[in-house]
Amino acid sequence: MSREVQITFDAADPAALAAFWAEVLGYVLQPPPGDFTTWDEALDAWGVPPEERNSRSALIDPDGDGPRIFFQRVPEGKTAKNRVHLDVRAAPGLKGDERMAALSVEAERLKALGASEWYRLEGNAMDEGIIVMYDPEGNEFCLD
């Protein structure tokens, strides 16, 4: 039996990191539950104080295919390399110069959103070429 998965990020600013990843992945903020029209309305009804309203955020795939992505505020900052990371498939099927050009265009778009580039691996016998990047909170991810 297969199971659904959720990808969870620890974050200093869940709302900002969720906004970044929504743009990267084409996801949307999870709508409020039930009959609530906004999250503020739901949080007011649940008695969540204003200082706790950015303690978590969630994204969903608007097509319903991809996993839910959850962001939770934690007190500590990132201290080491990720043991798990996302590969964002920005150039599937492309090879050589065409692939690296497509990855470079996407890298520039993401830099404008707050990402930074760490390094590039040009294509070789084992890899078609990737760009390794950091999200705004320093989490590694690859443009693949």
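Check the entry above for the structure.
Residues numbered from 1 in each chain as written. Predicted model: local features only at pLDDT ≥ 70, side-chain atom pairs only at ≥ 80, totals over all residues. Heavy atoms only, no water.

**Q** Requested: an account of the overall build of the protein chain, with residues and values cited.
**A** Secondary structure assignment for the protein chain yields three helices and eight strands. Across the protein chain, helices and strands are ordered from the amino to the carboxyl terminus as β-α-β-α-β-β-β-α-β-β-β. For the protein chain, the C-alpha atoms occupy an extent of roughly 55 × 35 × 35 Å along the three principal directions. Burial status across the protein chain gives 32% buried among its 144 residues. If you take every contact in the protein chain between residues at least 6 apart in sequence, the share linking residues at least 24 apart comes to 60%. Carbon and sulfur atoms make up 53% of the accessible area of the protein chain, which amounts to about 9000 Å² in all. For the protein chain, the distance from the average position of its 14 positive side-chain charges to the average position of its 27 negative side-chain charges is 5 Å. (Helix = DSSP H or I, 4+ residues; strand = E, 2+ residues; numbered from the N terminus. Buried < 20%, exposed > 50% of the residue type's maximum accessible area, 1.4 Å probe, protein only. Contact = heavy atoms within 4.5 Å. Areas by Shrake-Rupley, 256 points an atom, 1.4 Å probe, with all protein chains shown as cover. Lys, Arg positive; Asp, Glu negative; His and termini not counted. Charge placed at Lys NZ, Arg CZ, Asp CG, Glu CD.)

**Q** Please set out the packing of aromatic side chains residue by residue, giving values where relevant.
**A** All chains considered together, the criterion is met by nine aromatic pairs. Taking 4.9 Å as the distance between ring centres and 70 degrees as the angle between the ring planes, the aromatic pair formed by tryptophan 21 and phenylalanine 141 counts as edge-to-face. Of this pair, tryptophan 21 sits in helix 1 (residues 14–25) while phenylalanine 141 sits in strand 8 (residues 140–143); the two residues are 120 residues apart in sequence, bridging distant segments of the chain. Look at tryptophan 21 and you get buried, because its relative accessible area is 1%. (Phe/Tyr/Trp six-rings, centres within 6.5 Å; stacked < 30°, edge-to-face > 60°.)

**Q** Residue-level account of the environment of valine 5, with values.
**A** Locating valine 5 in the fold gives a position in the segment before strand 1 (6–11). Each C-alpha atom, one on valine 5 and one on arginine 68, is 7.3 Å from the other, the two residues being 63 residues apart in sequence. Each residue touching valine 5, except ones within four places of it in the same chain, is listed here: Pro67 and Arg68.

**Q** Summarise the sheet that holds strand 2 (residues 28–29); cite the residues concerned and give the values.
**A** Reading across the sheet, the four strands line up as 1-4-3-2 and stay open at both edges, with mixed pairing between neighbours. Two strands in the sheet have a free side with no partner beyond their single neighbour: strand 1 and strand 2. (Pairing = 2+ DSSP bridges.)

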